[in-house]
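Listed here are the chains, written in short residue letters.
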Amino acid sequence: MRLIDILFGRTRLTLTEAERAIVFRKGRITAILGAGEHMLRRKDVVERHIISDAVVTSTFNDALWRERPDLAEAHMTDIRTGADEIAIVARDGRLSEVLTPETRRVLWTAAGPWTVERIDLSKGHDVPRALGDRLTRARITGAMTVVEVPEAHVALVSVDGAHERILEAGTHRFWTAGRRLVAKLVDLRWRAHDVTGHEILTKDQVTLRVNLAADFRVTDPLRAVTAVKDFEDALHRALGLAFRKTLGALTLDALLADKMAVDAEAAEAVRAEMAGIGLEVGEIALKDVILPGEMRDILTGVVAAEKEAEANVIRRREETNATRSLLNTAKVMAENPVMLRLKELEALETIAGRVERLTVTTGTDGLLNDIAKLRD
């Protein structure tokens, strides 16, 4: 048979189920061959393909559809998407690929079966939740953008530089399709902001540093993000300026005497300003007032002197009370001899407790007028 094939100028081609062949005769496409043994002319040109790759990769693909559309339609599946269209390609019921707008994909029909689900982007770019979950599990996420929004947050979504919507907590998916989608997360919870080491010049020309703290939250996310470049930086500057004006109008003594009054006065100005950019400011506190070293030493000396003066007053008062008490006791003894005798006995008891032997000689006038002799 090989000799006969040679005599008649023929050649045999055997293809498996996973192969296809495009035959060219005299430069023109004449056939697409499937599995089996085929008889060809010796001068025929054969381009073999493995259909397990599914995508037709022939360099003559366009020529085939243009010159022999009958052969192309019999063996290939041509999928094309419009300018506002997404195509979800499934192979034997399993997701295979997502085609973005204005994309063409030519597949071997025998590698299927193929199903195509088309989505019109003119009706919106949101990915249905069920489809998004399937694409995520299949790890086919190149054509969509996933936005994760945690609890107590929102996401401001802009498309091609223009604000589009505000997303609540959850998982959101969008078809990218050539668009530039950016999501900015905004925390809606109460937070604390500290201003540390802020320098203030008081009315009496004393330079000191203060530490401030404020609780705040975002109430209007879109305004907070668009009204200023950084709303936390705006709050920082507003706190510093408001307290600088308030504290600068006070003397050091007034500042140290009533810090709470200063907090309340400065807080109203900050709250009013921040409400204009979508922030609600809660408690504002003047936490610390830090004095320069020499001023701290002076105030320490003043406080020490004041406390020493208070201590002297207390000592004088106690001495006066003790003298008054002794005078009252003397008057009682002078008026009551029995009380005097009791005091003598108490003194004798105290002395007796401190010596080994005591000899007392006394008369009718009592111990105070006689001699007490102490012996070892």
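All of these numbers come straight from a predicted model, not from anything done at the bench. (Residues numbered from 1 in each chain as written. Predicted model: local features only at pLDDT ≥ 70, side-chain atom pairs only at ≥ 80, totals over all residues. Heavy atoms only, no water.)

What about the nonpolar core?
Burial of nonpolar side chains together is a common tendency in soluble globular proteins. The biggest cluster of nonpolar side chains holds 29 residues, and the ones touching the most others in it are Leu239, Phe243, Met274, Leu279 and Ile284. Counting residues per element, the ones that place at least two in this core are strand 12 (153-159), strand 16 (191-201), strand 17 (207-218), helix 6 (231-248), helix 8 (259-275) and strand 18 (279-290). Among the elements that take part in this core, helix 6 stands out by supplying 8 residues, more than any other. Of all hydrophobic cores here, the second largest spans 21 residues; its members include Ala72, Ile79, Trp108 and Trp114. (Core = buried A, V, L, I, M, F, W, Y, C linked by side-chain atoms within 4.5 Å. Buried < 20%, exposed > 50% of the residue type's maximum accessible area, 1.4 Å probe, protein only. Helix = DSSP H or I, 4+ residues; strand = E, 2+ residues; numbered from the N terminus.)

Details of the pairing of strand 8 (residues 94-99)
Note that strand 7 (residues 85-91) and strand 8 share 5 bridges and pair antiparallel. Bridge pairing in strand 8 links Ile88 to Val98. Taking the residues between adjacent antiparallel strands as the criterion, strand 7 and strand 8 are bridged by 2 residues, where Asp92 takes a positive phi near 55°. (Pairing = 2+ DSSP bridges.)

Remarks on the sheet that holds strand 10 (residues 114-120)
Taken in spatial order, the 3 strands make up an open sheet running 8-7-10, and their pairing is antiparallel. Single-partner strands in this sheet number two, and they are strand 8 and strand 10. When the angles between neighbouring strand axes are averaged without regard to direction, this sheet yields 25°. (Axes fitted to C-alpha atoms, helices over the stretch in contact; angles between N-to-C directions.)

Some words on the confidence of the model for the protein
It should be kept in mind that the predicted coordinates are not to be read in detail where pLDDT is low. With 81% of its residues at a pLDDT of 70 or more, the protein shows a mean pLDDT of 82. Low pLDDT, under 50, characterises residues 370-376; the predicted model gives this stretch 12 contacts beyond four residues in sequence or across chains. (pLDDT = per-residue confidence, 0-100. Contact = heavy atoms within 4.5 Å.)

Quick look at the side chain of Asn61
As for its position among the elements, Asn61 is in helix 2 (residues 61-67). In this structure, Asn61 is in contact with Val56, Met76 and Val106, ignoring residues within four places of it in sequence.

Considering the environment of Leu286
Along the chain, Leu286 turns up in strand 18. Each C-alpha atom, one on Leu286 and one on Ala266, is 9.8 Å from the other, the two residues being 20 residues apart in sequence.

Remarks on the sheet that holds strand 12
Reading across the sheet, the 3 strands line up as 13-12-15 and stay open at both edges, with antiparallel pairing between neighbours. The outermost strands of the open sheet, each flanked by one partner alone, are strand 13 (162-167) and strand 15 (181-187). Strand-to-strand twist in this sheet, taken as the mean axis angle between neighbours without regard to direction, amounts to 25°. In terms of strand pairing, strand 12 meets strand 13 through 5 bridges, oriented antiparallel. In the sheet register, Ser158 faces strand 13, and the bridge partner there is His163.

Overview of unusual backbone geometry
Cis geometry marks the peptide bond from Gly112 to Pro113; its omega dihedral reads 10°. Tracing the backbone through its elements, the reader meets Pro113 in the loop between strand 9 (104-108) and strand 10. Of note in the backbone geometry, Arg139 takes a positive phi value of approximately 60° without being a glycine. Locating Arg139 in the fold gives a position in the loop between helix 4 (129-137) and strand 11 (144-149).

Looking at a nonpolar patch on the surface
Together, Val332, Val338, Met339, Leu342 and Leu345 make up a nonpolar patch on the protein surface, roughly 420 Å² of accessible area in all. The exposure class of Leu342 is partly exposed, given its relative accessible area of 44%. (Patch = residues over 30% accessible without salt bridge, like charges linked within 9 Å, V, L, I, M, F, W, Y side chains within 5 Å. Areas by Shrake-Rupley, 256 points an atom, 1.4 Å probe, with all protein chains shown as cover. Salt bridge = Lys/Arg side-chain N within 4 Å of Asp/Glu carboxyl O.)

A closer look at the packing of aromatic side chains
What the rule picks out here adds up to 1 aromatic pair. Ring centres of Phe24 and Phe60 lie 4.7 Å apart, and the angle between their planes is 55°; on these two criteria the pair is classed as tilted. Taken together, the residues span a long stretch of sequence, with Phe24 in strand 2 (residues 19-25) and Phe60 in the loop between strand 5 (45-50) and helix 2 at a distance of 36 residues. Judged by relative accessible area, which is 7%, Phe24 ranks as buried. Using a relative accessible area of 37% as the deciding quantity, one classes Phe60 as partly exposed. (Phe/Tyr/Trp six-rings, centres within 6.5 Å; stacked < 30°, edge-to-face > 60°.)

With respect to the pattern of salt bridges
Counted under the stated rule, the structure contains 19 salt bridges. We note a salt bridge from Arg165 to Glu164, for which the minimum N-O separation is 3.6 Å. Note that Asp233 is salt-bridged to Arg237, the shortest N-O span being 3.3 Å. Placement of the pair is Asp233 and Arg237 together in helix 6, with a separation of 4 residues, close to one helical turn. Overall, Asp233 belongs to the partly exposed group, its relative accessible area being 39%. The class for Arg237 is partly exposed, based on a relative accessible area of 46%. Here the salt bridges share partners, and the residues they tie into one network are Asp62, Asp78, Arg80 and Arg104.

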